[in-house]
Amino acid sequence: MRTGTNHLFIPGPTNVPETVRRAMNVAQEDQRGPEFGGFVMGLIRDLKPVLGTTQRVMLIPGSGSAAWESAMVNTLQPGDRVLMARHGQFSTLWAKMATDLGLEVDAVDVAWGAGVPAREFARRLGADRQGKIKAVFVTQNETSTGVTSSVAAVRQALDEAMHDALLFVDGVSSIGSIPFEMDAWGVDLAVTGSQKGLMCPAGLGILGVSDKARASKGMRRGFFAFEDFELQAAQGYFPHTPPTPVLHGLRAALDRLQAETLPAVYARHERLAQGVRAAVTAWGLETVCESPALASNTVTAIRTPVDAREVIRIGFQRYNVSFGSGLGPLAGKAFRIGHLGDLNEGMCLTALALAEICLREAGVTVALGSGVAAAQAVYEHQAPMALAAE
Ligand SMILES: *Cc1c(COP(=O)(O)O)cnc(C)c1O
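Bear in mind that the values here come from a model prediction, so they are computed numbers and not experimental data.

About the cut-offs
- Residues numbered from 1 in each chain as written.
- Predicted model: local features only at pLDDT ≥ 70, side-chain atom pairs only at ≥ 80, totals over all residues.
- Heavy atoms only, no water.
- Helix = DSSP H or I, 4+ residues; strand = E, 2+ residues; numbered from the N terminus.
- Near = heavy atom within 4 Å.
- Polar contact = N/O pair within 3.5 Å; in protein donor to acceptor, adjacent residues only side chain to side chain.
- Areas by Shrake-Rupley, 256 points an atom, 1.4 Å probe, with all protein chains shown as cover.
- Nonpolar A, V, L, I, M, F, W, Y, C, P; charged D, E, K, R; others polar.
- Buried < 20%, exposed > 50% of the residue type's maximum accessible area, 1.4 Å probe, protein only.
- Lys, Arg positive; Asp, Glu negative; His and termini not counted.
- Salt bridge = Lys/Arg side-chain N within 4 Å of Asp/Glu carboxyl O.
- Contact = heavy atoms within 4.5 Å.
- Axes fitted to C-alpha atoms, helices over the stretch in contact; angles between N-to-C directions.
- Left-handed = near helix turned anticlockwise from the far one by under 90°.
- Domains from an automatic or database assignment.
- Parallel < 35°, antiparallel > 145°, perpendicular 65-115°, else oblique.
- Disulfide = S-S within 2.5 Å.

A. Spotlight on unusual backbone geometry. Cis geometry marks the peptide bond from Gly12 to Pro13, where omega comes out at 0°. Looking at the element boundaries, Pro13 is found in the loop between strand S1 (7-9) and helix H1 (18-23). Not every positive phi belongs to a glycine, and Thr261 is a case in point at roughly 80°. Position of Thr261 among the secondary structure elements: in the loop between helix H9 (244-260) and helix H10 (262-283).

Take a look at the structure:
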(Lines give C-alpha, C1' and ligand atoms only; values in the text may rest on other atoms or scores of the structure.)
Protein backbone atom coordinates (compact mmCIF):
# COMPACT_ATOMS: atom_id res chain seq x y z
CA MET A 1 0.00 0.00 0.00
CA ARG A 2 1.45 3.32 -1.07
CA THR A 3 0.32 6.36 0.83
CA GLY A 4 0.84 10.05 0.17
CA THR A 5 2.40 11.57 -2.89
CA ASN A 6 4.47 9.63 -5.39
CA HIS A 7 7.58 11.71 -5.87
CA LEU A 8 8.57 11.75 -9.50
CA PHE A 9 12.15 12.87 -10.04
CA ILE A 10 12.90 11.23 -13.36
CA PRO A 11 13.97 13.54 -16.17
CA GLY A 12 10.79 12.89 -18.13
CA PRO A 13 8.00 12.25 -18.31
CA THR A 14 7.80 15.05 -15.75
CA ASN A 15 5.18 16.05 -13.22
CA VAL A 16 1.96 17.16 -14.90
CA PRO A 17 0.56 20.22 -13.09
CA GLU A 18 -3.00 19.99 -11.80
CA THR A 19 -4.19 22.71 -14.23
CA VAL A 20 -2.78 20.75 -17.16
CA ARG A 21 -4.31 17.52 -15.95
CA ARG A 22 -7.73 19.09 -15.59
CA ALA A 23 -7.46 20.76 -18.99
CA MET A 24 -7.03 17.32 -20.56
CA ASN A 25 -10.31 16.04 -19.15
CA VAL A 26 -12.31 16.94 -22.23
CA ALA A 27 -15.06 15.21 -24.15
CA GLN A 28 -13.90 13.93 -27.50
CA GLU A 29 -14.39 16.60 -30.09
CA ASP A 30 -14.52 16.99 -33.85
CA GLN A 31 -10.97 17.52 -35.02
CA ARG A 32 -12.33 18.84 -38.33
CA GLY A 33 -14.79 21.16 -36.61
CA PRO A 34 -14.77 24.91 -37.22
CA GLU A 35 -13.10 25.84 -33.92
CA PHE A 36 -10.37 23.25 -33.80
CA GLY A 37 -8.07 24.80 -36.38
CA GLY A 38 -7.92 28.13 -34.58
CA PHE A 39 -7.21 26.33 -31.32
CA VAL A 40 -4.24 24.48 -32.85
CA MET A 41 -2.92 27.61 -34.55
CA GLY A 42 -2.91 29.29 -31.14
CA LEU A 43 -0.72 26.47 -29.81
CA ILE A 44 1.69 26.85 -32.72
CA ARG A 45 1.80 30.64 -32.25
CA ASP A 46 2.66 30.24 -28.56
CA LEU A 47 5.21 27.49 -29.09
CA LYS A 48 7.26 29.73 -31.38
CA PRO A 49 8.72 31.90 -28.59
CA VAL A 50 9.51 28.74 -26.59
CA LEU A 51 11.56 27.48 -29.53
CA GLY A 52 12.88 30.96 -30.28
CA THR A 53 11.63 30.97 -33.84
CA THR A 54 9.34 32.82 -36.21
CA GLN A 55 9.58 29.98 -38.73
CA ARG A 56 7.46 26.79 -38.97
CA VAL A 57 6.48 24.78 -35.92
CA MET A 58 4.86 21.40 -36.53
CA LEU A 59 2.99 19.15 -34.14
CA ILE A 60 3.37 15.49 -34.97
CA PRO A 61 1.64 12.66 -33.09
CA GLY A 62 4.31 10.57 -31.39
CA SER A 63 7.12 11.11 -28.92
CA GLY A 64 10.44 12.91 -29.20
CA SER A 65 11.91 10.00 -31.17
CA ALA A 66 9.15 10.37 -33.76
CA ALA A 67 10.16 14.01 -34.10
CA TRP A 68 13.78 12.86 -34.63
CA GLU A 69 12.71 10.51 -37.39
CA SER A 70 10.41 13.01 -39.08
CA ALA A 71 13.18 15.62 -39.06
CA MET A 72 15.60 13.25 -40.79
CA VAL A 73 13.32 11.61 -43.36
CA ASN A 74 12.00 14.94 -44.58
CA THR A 75 15.34 16.61 -45.16
CA LEU A 76 18.02 14.01 -45.85
CA GLN A 77 18.51 11.23 -48.37
CA PRO A 78 20.03 7.76 -48.00
CA GLY A 79 23.79 7.98 -48.34
CA ASP A 80 23.93 11.57 -47.12
CA ARG A 81 26.84 12.14 -44.77
CA VAL A 82 25.93 13.55 -41.34
CA LEU A 83 28.20 14.66 -38.51
CA MET A 84 27.18 13.54 -35.03
CA ALA A 85 28.70 13.13 -31.57
CA ARG A 86 28.09 10.16 -29.31
CA HIS A 87 28.42 11.24 -25.70
CA GLY A 88 25.44 9.66 -24.00
CA GLN A 89 22.41 7.46 -24.54
CA PHE A 90 20.30 9.86 -26.56
CA SER A 91 23.01 11.10 -28.89
CA THR A 92 24.00 7.45 -29.44
CA LEU A 93 20.42 6.42 -30.22
CA TRP A 94 20.02 9.34 -32.59
CA ALA A 95 23.15 8.25 -34.46
CA LYS A 96 21.81 4.70 -34.59
CA MET A 97 18.52 5.90 -36.05
CA ALA A 98 20.41 7.89 -38.66
CA THR A 99 22.36 4.76 -39.62
CA ASP A 100 19.15 2.71 -39.69
CA LEU A 101 17.62 5.24 -42.09
CA GLY A 102 20.55 4.82 -44.47
CA LEU A 103 22.50 7.95 -43.65
CA GLU A 104 26.26 7.77 -43.55
CA VAL A 105 27.13 8.76 -40.01
CA ASP A 106 30.43 10.48 -39.34
CA ALA A 107 30.42 9.88 -35.56
CA VAL A 108 32.70 11.53 -33.05
CA ASP A 109 32.91 9.43 -29.89
CA VAL A 110 33.65 11.40 -26.76
CA ALA A 111 33.37 10.50 -23.08
CA TRP A 112 29.91 10.13 -21.57
CA GLY A 113 30.01 13.25 -19.43
CA ALA A 114 31.65 15.47 -22.04
CA GLY A 115 29.86 17.96 -24.26
CA VAL A 116 29.47 18.15 -28.01
CA PRO A 117 33.02 18.42 -29.45
CA ALA A 118 32.55 21.72 -31.25
CA ARG A 119 36.26 22.03 -32.08
CA GLU A 120 36.43 18.59 -33.65
CA PHE A 121 33.23 19.43 -35.54
CA ALA A 122 34.93 22.64 -36.74
CA ARG A 123 37.94 20.65 -37.90
CA ARG A 124 35.86 18.13 -39.85
CA LEU A 125 33.68 20.83 -41.37
CA GLY A 126 36.74 22.81 -42.37
CA ALA A 127 38.26 19.72 -44.02
CA ASP A 128 35.04 18.98 -45.93
CA ARG A 129 35.83 21.18 -48.92
CA GLN A 130 33.38 19.40 -51.20
CA GLY A 131 30.46 19.90 -48.84
CA LYS A 132 29.80 16.18 -48.41
CA ILE A 133 28.46 16.69 -44.89
CA LYS A 134 24.76 17.47 -45.28
CA ALA A 135 23.84 17.92 -41.63
CA VAL A 136 25.36 18.42 -38.18
CA PHE A 137 23.54 17.09 -35.12
CA VAL A 138 23.64 18.43 -31.57
CA THR A 139 21.99 16.97 -28.49
CA GLN A 140 21.64 20.20 -26.54
CA ASN A 141 20.94 18.45 -23.26
CA GLU A 142 22.22 14.87 -22.96
CA THR A 143 19.66 13.56 -20.49
CA SER A 144 21.66 10.43 -19.66
CA THR A 145 24.70 12.34 -18.41
CA GLY A 146 23.31 15.72 -17.36
CA VAL A 147 25.43 17.63 -19.87
CA THR A 148 24.32 20.76 -21.72
CA SER A 149 26.28 21.67 -24.85
CA SER A 150 26.51 25.00 -26.62
CA VAL A 151 24.49 25.05 -29.82
CA ALA A 152 25.88 28.50 -30.59
CA ALA A 153 29.41 27.06 -30.62
CA VAL A 154 28.42 24.55 -33.30
CA ARG A 155 26.73 27.29 -35.32
CA GLN A 156 29.97 29.24 -35.08
CA ALA A 157 31.93 26.21 -36.30
CA LEU A 158 29.62 25.96 -39.33
CA ASP A 159 29.90 29.67 -40.06
CA GLU A 160 33.67 29.75 -39.73
CA ALA A 161 33.99 26.85 -42.14
CA MET A 162 31.44 28.64 -44.38
CA HIS A 163 29.67 25.31 -44.45
CA ASP A 164 26.00 25.13 -45.39
CA ALA A 165 25.09 21.82 -43.70
CA LEU A 166 21.75 21.73 -41.92
CA LEU A 167 21.90 22.06 -38.12
CA PHE A 168 19.70 19.58 -36.22
CA VAL A 169 19.22 20.02 -32.48
CA ASP A 170 17.64 17.59 -30.05
CA GLY A 171 16.02 19.84 -27.45
CA VAL A 172 13.78 17.17 -25.95
CA SER A 173 14.94 17.68 -22.35
CA SER A 174 15.85 21.34 -22.68
CA ILE A 175 13.24 23.26 -24.68
CA GLY A 176 10.91 25.05 -22.28
CA SER A 177 13.38 24.70 -19.38
CA ILE A 178 16.60 26.38 -20.52
CA PRO A 179 17.11 29.01 -23.24
CA PHE A 180 16.62 27.80 -26.79
CA GLU A 181 17.15 30.21 -29.68
CA MET A 182 16.36 28.40 -32.90
CA ASP A 183 16.59 31.43 -35.19
CA ALA A 184 19.48 33.19 -33.44
CA TRP A 185 21.53 29.97 -33.50
CA GLY A 186 20.58 29.18 -37.08
CA VAL A 187 19.02 25.85 -36.13
CA ASP A 188 17.29 24.17 -39.06
CA LEU A 189 15.50 21.37 -37.23
CA ALA A 190 14.67 21.73 -33.54
CA VAL A 191 13.16 18.64 -31.97
CA THR A 192 11.21 18.20 -28.76
CA GLY A 193 8.32 16.29 -27.22
CA SER A 194 5.39 17.14 -24.98
CA GLN A 195 6.42 15.27 -21.83
CA LYS A 196 9.49 17.03 -20.45
CA GLY A 197 9.82 20.80 -20.15
CA LEU A 198 6.33 21.18 -21.58
CA MET A 199 4.78 19.35 -18.59
CA CYS A 200 2.31 17.22 -20.56
CA PRO A 201 2.02 13.48 -21.06
CA ALA A 202 3.88 12.04 -24.03
CA GLY A 203 1.97 12.06 -27.30
CA LEU A 204 3.27 14.95 -29.35
CA GLY A 205 6.51 15.43 -31.19
CA ILE A 206 7.20 19.12 -31.71
CA LEU A 207 9.43 20.39 -34.48
CA GLY A 208 10.83 23.73 -35.46
CA VAL A 209 11.59 23.63 -39.18
CA SER A 210 13.57 26.37 -40.91
CA ASP A 211 12.79 27.53 -44.44
CA LYS A 212 16.09 26.00 -45.53
CA ALA A 213 15.18 22.66 -43.98
CA ARG A 214 11.76 22.72 -45.61
CA ALA A 215 13.37 23.29 -49.01
CA SER A 216 15.74 20.36 -48.53
CA LYS A 217 14.85 17.16 -50.37
CA GLY A 218 14.13 14.21 -48.12
CA MET A 219 13.84 10.46 -48.54
CA ARG A 220 10.82 8.17 -49.01
CA ARG A 221 8.42 8.68 -46.17
CA GLY A 222 4.83 8.03 -45.23
CA PHE A 223 3.20 9.11 -42.00
CA PHE A 224 5.83 11.75 -41.27
CA ALA A 225 5.73 13.61 -44.61
CA PHE A 226 6.03 17.33 -43.88
CA GLU A 227 3.86 18.15 -46.89
CA ASP A 228 0.95 16.41 -45.15
CA PHE A 229 1.45 18.58 -42.08
CA GLU A 230 1.60 21.79 -44.10
CA LEU A 231 -2.11 22.51 -43.55
CA GLN A 232 -1.39 22.83 -39.84
CA ALA A 233 0.45 26.13 -40.21
CA ALA A 234 -2.18 27.60 -42.51
CA GLN A 235 -5.36 26.26 -40.93
CA GLY A 236 -4.48 24.31 -37.80
CA TYR A 237 -5.71 20.94 -38.99
CA PHE A 238 -3.85 17.63 -38.63
CA PRO A 239 -3.56 15.15 -41.51
CA HIS A 240 -4.43 12.31 -39.11
CA THR A 241 -6.30 12.08 -35.83
CA PRO A 242 -4.42 14.14 -33.22
CA PRO A 243 -4.22 13.33 -29.48
CA THR A 244 -6.72 16.06 -28.58
CA PRO A 245 -6.44 15.76 -24.77
CA VAL A 246 -2.68 16.32 -24.98
CA LEU A 247 -3.31 19.40 -27.12
CA HIS A 248 -5.58 20.81 -24.41
CA GLY A 249 -2.93 19.99 -21.83
CA LEU A 250 -0.38 21.80 -23.96
CA ARG A 251 -2.66 24.87 -24.06
CA ALA A 252 -2.71 24.96 -20.25
CA ALA A 253 1.05 24.32 -20.06
CA LEU A 254 1.80 27.17 -22.48
CA ASP A 255 -0.47 29.44 -20.42
CA ARG A 256 1.62 28.56 -17.38
CA LEU A 257 4.89 29.29 -19.16
CA GLN A 258 3.51 32.63 -20.35
CA ALA A 259 2.28 33.57 -16.89
CA GLU A 260 5.62 32.73 -15.26
CA THR A 261 7.49 34.24 -18.26
CA LEU A 262 10.29 32.35 -20.00
CA PRO A 263 13.14 34.27 -18.31
CA ALA A 264 11.68 33.34 -14.91
CA VAL A 265 11.24 29.71 -16.00
CA TYR A 266 14.89 29.55 -17.02
CA ALA A 267 16.04 31.30 -13.82
CA ARG A 268 14.01 28.86 -11.72
CA HIS A 269 15.56 25.84 -13.44
CA GLU A 270 19.00 27.31 -12.90
CA ARG A 271 18.35 28.00 -9.22
CA LEU A 272 16.87 24.58 -8.52
CA ALA A 273 19.73 22.86 -10.34
CA GLN A 274 22.33 24.80 -8.37
CA GLY A 275 20.79 23.52 -5.16
CA VAL A 276 20.92 19.91 -6.39
CA ARG A 277 24.56 20.31 -7.44
CA ALA A 278 25.45 21.86 -4.07
CA ALA A 279 23.93 18.79 -2.41
CA VAL A 280 25.99 16.39 -4.55
CA THR A 281 29.15 18.28 -3.57
CA ALA A 282 28.16 18.18 0.10
CA TRP A 283 27.69 14.41 -0.14
CA GLY A 284 31.22 14.08 -1.48
CA LEU A 285 29.92 12.45 -4.67
CA GLU A 286 30.66 13.28 -8.29
CA THR A 287 28.44 14.12 -11.19
CA VAL A 288 28.76 12.27 -14.49
CA CYS A 289 29.08 15.69 -16.12
CA GLU A 290 32.80 16.38 -16.38
CA SER A 291 32.84 20.12 -16.07
CA PRO A 292 30.76 22.62 -14.06
CA ALA A 293 30.43 24.75 -17.20
CA LEU A 294 28.48 21.92 -18.90
CA ALA A 295 26.22 21.06 -15.96
CA SER A 296 22.61 20.68 -17.01
CA ASN A 297 19.91 22.72 -15.34
CA THR A 298 17.32 20.02 -16.01
CA VAL A 299 18.91 16.78 -14.82
CA THR A 300 21.85 15.75 -12.65
CA ALA A 301 23.48 12.32 -13.02
CA ILE A 302 25.31 11.30 -9.85
CA ARG A 303 28.00 8.62 -9.66
CA THR A 304 27.75 6.24 -6.71
CA PRO A 305 30.41 4.03 -5.10
CA VAL A 306 27.75 1.30 -4.70
CA ASP A 307 25.36 -0.23 -7.25
CA ALA A 308 23.17 2.75 -8.11
CA ARG A 309 20.30 0.40 -8.93
CA GLU A 310 20.05 -0.26 -5.19
CA VAL A 311 19.59 3.43 -4.49
CA ILE A 312 16.78 3.58 -7.03
CA ARG A 313 15.17 0.34 -5.85
CA ILE A 314 15.14 1.42 -2.21
CA GLY A 315 13.64 4.76 -3.18
CA PHE A 316 10.88 3.19 -5.21
CA GLN A 317 10.03 0.34 -2.88
CA ARG A 318 10.26 2.09 0.48
CA TYR A 319 9.86 5.81 -0.05
CA ASN A 320 7.54 6.14 -3.02
CA VAL A 321 10.13 8.15 -4.93
CA SER A 322 11.33 7.64 -8.50
CA PHE A 323 14.85 8.59 -9.48
CA GLY A 324 16.21 8.10 -12.98
CA SER A 325 18.47 5.14 -13.64
CA GLY A 326 21.91 5.09 -15.17
CA LEU A 327 21.50 4.38 -18.88
CA GLY A 328 23.73 2.25 -21.10
CA PRO A 329 27.26 1.99 -19.68
CA LEU A 330 26.13 4.06 -16.69
CA ALA A 331 23.70 1.37 -15.52
CA GLY A 332 24.48 0.64 -11.88
CA LYS A 333 27.12 3.38 -11.85
CA ALA A 334 24.92 6.44 -11.53
CA PHE A 335 21.41 7.58 -10.71
CA ARG A 336 19.73 10.72 -11.94
CA ILE A 337 17.63 13.40 -10.37
CA GLY A 338 15.38 15.09 -12.90
CA HIS A 339 14.70 18.71 -12.01
CA LEU A 340 12.70 20.09 -14.90
CA GLY A 341 9.17 21.10 -15.57
CA ASP A 342 6.66 21.88 -12.84
CA LEU A 343 9.00 21.99 -9.86
CA ASN A 344 9.90 24.16 -6.89
CA GLU A 345 12.35 24.36 -3.99
CA GLY A 346 10.27 22.19 -1.66
CA MET A 347 10.09 19.41 -4.23
CA CYS A 348 13.85 19.49 -4.82
CA LEU A 349 14.52 19.42 -1.08
CA THR A 350 12.27 16.37 -0.82
CA ALA A 351 14.21 14.67 -3.60
CA LEU A 352 17.50 15.41 -1.85
CA ALA A 353 16.26 14.35 1.60
CA LEU A 354 15.01 11.04 0.21
CA ALA A 355 18.16 10.53 -1.87
CA GLU A 356 20.22 10.84 1.32
CA ILE A 357 18.22 8.09 3.02
CA CYS A 358 18.41 5.85 -0.05
CA LEU A 359 22.15 6.41 -0.49
CA ARG A 360 22.76 5.50 3.16
CA GLU A 361 20.59 2.41 3.03
CA ALA A 362 22.48 1.35 -0.10
CA GLY A 363 25.73 1.67 1.85
CA VAL A 364 27.03 5.11 0.89
CA THR A 365 28.40 7.25 3.71
CA VAL A 366 26.60 10.58 3.57
CA ALA A 367 25.62 12.67 6.57
CA LEU A 368 21.88 13.05 7.01
CA GLY A 369 20.81 16.54 6.10
CA SER A 370 24.13 17.48 4.52
CA GLY A 371 22.84 17.79 0.97
CA VAL A 372 19.54 19.28 2.10
CA ALA A 373 21.36 21.98 4.08
CA ALA A 374 23.61 22.78 1.14
CA ALA A 375 20.60 23.19 -1.14
CA GLN A 376 18.72 25.23 1.46
CA ALA A 377 21.68 27.60 1.58
CA VAL A 378 21.38 28.03 -2.20
CA TYR A 379 17.61 28.47 -2.12
CA GLU A 380 16.99 30.80 0.81
CA HIS A 381 16.02 34.37 -0.12
CA GLN A 382 16.20 33.54 -3.85
CA ALA A 383 12.70 32.56 -4.91
CA PRO A 384 10.76 35.40 -6.56
CA MET A 385 7.55 36.69 -4.94
CA ALA A 386 5.31 35.48 -7.75
CA LEU A 387 2.56 33.66 -5.93
CA ALA A 388 0.41 36.52 -4.68
CA ALA A 389 -1.42 37.25 -7.93
CA GLU A 390 -2.60 33.68 -8.46
C1 LIG B 1 13.57 11.82 -23.68
C2 LIG B 1 14.55 12.15 -24.72
C3 LIG B 1 14.41 11.68 -26.04
C4 LIG B 1 13.41 10.68 -26.48
O5 LIG B 1 12.15 11.09 -26.34
P6 LIG B 1 10.92 10.10 -26.42
O7 LIG B 1 9.83 11.08 -26.22
O8 LIG B 1 11.06 9.11 -25.32
O9 LIG B 1 10.90 9.48 -27.74
C10 LIG B 1 15.32 12.12 -26.99
N11 LIG B 1 16.31 12.95 -26.66
C12 LIG B 1 16.49 13.39 -25.41
C13 LIG B 1 17.63 14.32 -25.13
C14 LIG B 1 15.61 13.01 -24.41
O15 LIG B 1 15.79 13.46 -23.16
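B. Quick look at the site of the ligand. Within the structure, the ligand sits among Ser63, Gly64, Ser65, Trp68, Phe90, Asn141, Thr143, Asp170, Val172, Ser173, Gln195 and Lys196. For the ligand, an oxygen atom lies 2.8 Å from a polar atom in the backbone of Gly64. Within the complex, the protein chains bury 88% of what would otherwise be the 380 Å² of accessible surface of the ligand. No other element matches the three residues that helix H3 (residues 64-75) contributes to the shell around the ligand. Class assignment of the residues belonging to the shell around the ligand gives a composition of three nonpolar, seven polar and two charged.

C. Structural detail: the side chain of Asp188. Relative to the helices and strands, Asp188 is located in the loop between strand S8 (166-170) and strand S9 (189-193). Buried charged residue Asp188 carries no salt bridge. Nearest counter-charge: Arg155, at 4.2 Å. Apart from the residues lying within four places of it in its own chain, the contact partners of Asp188 are Arg155, Ala165, Leu166, Leu167, Met182, Gly208, Val209, Ser210, Lys212 and Ala213.

D. The packing of helix H11 (residues 308-319) against helix H12 (residues 345-361), seen in detail. In contact at an axis separation of 8 Å, H11 and H12 are set at 115° when each is read in the N-to-C sense. Crossing angle aside, the handedness with which H11 passes H12 is right-handed. Side by side, H11 and H12 meet where Val311, Ile314, Gly315, Arg318 and Tyr319 of the first sit next to Leu354, Ile357, Cys358, Leu359 and Glu361 of the second. Class assignment for the residues of the contact of H11 with H12 results in seven nonpolar, one polar and two charged.

E. Fine view of the environment of Asp159. By the element assignment, Asp159 lies in helix H6 (residues 151-160). C-alpha separation for the pair Asp159 and Pro117, spaced 42 residues apart in sequence, amounts to 16 Å.

F. Region of the structure containing the domain arrangement of the protein chain. One can read the domain layout of the protein chain as domain 1 (7-14 + 261-382) and domain 2 (18-258). A C-alpha centroid distance of 27 Å is found between domain 1 and domain 2. Contacts between domain 1 and domain 2 engage 28 residues on the former and 29 residues on the latter. Between the two partners, domain 1 and domain 2, sit one salt bridge. Between Arg256 and Asp342 there is a salt bridge, with its nearest N and O atoms 3.2 Å apart. Put simply, domain 1 and domain 2 have 13 residue pairs in polar contact (both at pLDDT 80 or more) between them. When contributions to the side of domain 1 that touches domain 2 are tallied by element, the ones reaching two or more residues are H10 and strand S11 (299-303).

G. The arrangement of the packing of helix H2 (residues 36-51) against H9 in detail. Between H2 and H9, the shortest axis-to-axis distance is 10 Å and the interhelical angle comes to 45°. Taken as axis vectors, H2 and H9 run oblique relative to one another. The crossing of H2 and H9 is left-handed. Here H2 contributes Phe36, Phe39, Val40, Gly42, Leu43, Arg45, Asp46, Leu47 and Val50 to the contact with H9, which in turn contributes Thr244, Leu247, His248, Leu250, Arg251, Leu254, Leu257 and Gln258. Here the contact of H2 with H9 is composed, by residue class, of 10 nonpolar, four polar and three charged.

H. Representation of the state of the cysteines. Under the definition given, this model contains zero disulfides. The structure places no disulfide on Cys289, whose sulfur is separated from the nearest cysteine sulfur, that of Cys348, by 17 Å. Its relative accessible area of 8% is what places Cys289 among the buried residues. A disulfide-free cysteine, Cys358 has its sulfur positioned 16 Å from the sulfur of Cys348, the nearest such atom. Judged by its relative accessible area of 0%, Cys358 is buried.

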